[in-house]
Amino acid sequence: QVQLVESGGGSVEVGGSLRLSCSASSRPFGRFAMGWFRQSPEQERTFVAAISWAGGYPYYSSSGEGRFTISRDAAKNMAYLQMNNLKPEDTAVYYCAASTTSDYYSPAGYAYWGQGTQVIVSS
């Protein structure tokens, strides 16, 4: 069983930055691919970014490419999502997820989820 806890959400103005963190309880953490998803009210949960279990390659949604950076620190059992140049449409609850599959883009590919952290971007 893997427990994930997100932190770092908050309210920012357009163009601002936030760094989301995800703490994982499982060891060895390194065998999981890590992903970030987001969900707005009455919307489906959508893919934001993922990083392979080896930490060698990131994957991004088209909306996050060039603005978001995913990373992980296996020694600390942590994953991060650096978000820059935030836009109002980035407003959502952001979820950290862990997967042992290579289906990085779909929520169905992830077995473990955090409780989410709210991000609000105001203009």
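See the structure shown above.
Attention here is on the structure that accompanies the text. (Residues numbered from 1 in each chain as written. Predicted model: local features only at pLDDT ≥ 70, side-chain atom pairs only at ≥ 80, totals over all residues. Heavy atoms only, no water.)

Remarks on the environment of V12
Step number 1: For V12, the position within the fold is in strand β2 (residues 10-13).
Step number 2: Under the relative-accessibility criterion, V12 is labelled buried at 13%.
Step number 3: Through-space distance from the C-alpha of V12 to that of K87 is 9.4 Å; in sequence the pair is 75 residues apart.
Step number 4: Excluding residues within four positions of it along the chain, V12 makes contact with S17, L18, L86, I120, V121 and S122. (Helix = DSSP H or I, 4+ residues; strand = E, 2+ residues; numbered from the N terminus. Buried < 20%, exposed > 50% of the residue type's maximum accessible area, 1.4 Å probe, protein only. Contact = heavy atoms within 4.5 Å.)

A few points about the packing of aromatic side chains
Step number 1: In total, this model carries ten aromatic pairs according to the counting rule given.
Step number 2: An angle of 80 degrees between the planes, with centres 5.0 Å apart, marks the rings of F37 and Y110 as edge-to-face. Here Y110 lies in the loop between β9 (92-99) and β10 (112-113) and F37 lies in strand β4 (residues 33-39), a separation of 73 residues in the sequence.
Step number 3: Ring geometry for F47 and Y105: centres 4.7 Å apart, planes at 55 degrees, overall tilted. In this pair, F47 is assigned in strand β5 (residues 46-51) and Y105 in the loop between β9 and β10, connecting sequence segments 58 residues apart.
Step number 4: For F47, a relative accessible area of 11% puts it in the buried group.
Step number 5: Each member of the aromatic cluster is reached from another via a ring pair, and the members are F37, F47, Y57, Y59, Y95, Y104, Y105, Y110 and W113. (Phe/Tyr/Trp six-rings, centres within 6.5 Å; stacked < 30°, edge-to-face > 60°.)

Quick word on unusual backbone geometry
Step number 1: One non-glycine residue, E42, lies in positive phi territory at about 65 degrees.
Step number 2: Take E42: it is sitting in the loop between β4 and β5.
Step number 3: A residue is classified by how much of its surface remains accessible, and E42, at 83% relative accessible area, is exposed.
Step number 4: A positive phi is found at N85, a non-glycine position, where the angle reads about 50 degrees.
Step number 5: A relative accessible area of 43% means that N85 is categorised as partly exposed.

Section: the state of the cysteines
Step number 1: Evaluation of the coordinates by the stated rule reveals one disulfide.
Step number 2: The disulfide bridge from C22 ends at C96, spanning 2.0 Å between sulfur atoms. Disulfide C22-C96: torsion about the S-S bond near -75 degrees, hence left-handed. Pair noted here: C22 is in strand β3 (residues 18-24) and C96 is in strand β9, with a separation of 74 residues, a long-range link.
Step number 3: Residue C22 is classed as buried on the basis of its relative accessible area of 1%. (Disulfide = S-S within 2.5 Å.)

A short note on the pairing of β9
Step number 1: Taken across its eight residues, β9 has eight buried, putting it largely inside the fold.
Step number 2: Both β4 and β9 contribute to a ladder of seven bridges, which runs antiparallel. Its bridge partner being in β9, R38 is matched across the sheet by Y94.
Step number 3: With three bridges joining them, β9 and strand β11 (residues 117-122) adopt antiparallel strand pairing. In the sheet register, V93 faces β11, and the bridge partner there is Q118. (Pairing = 2+ DSSP bridges.)

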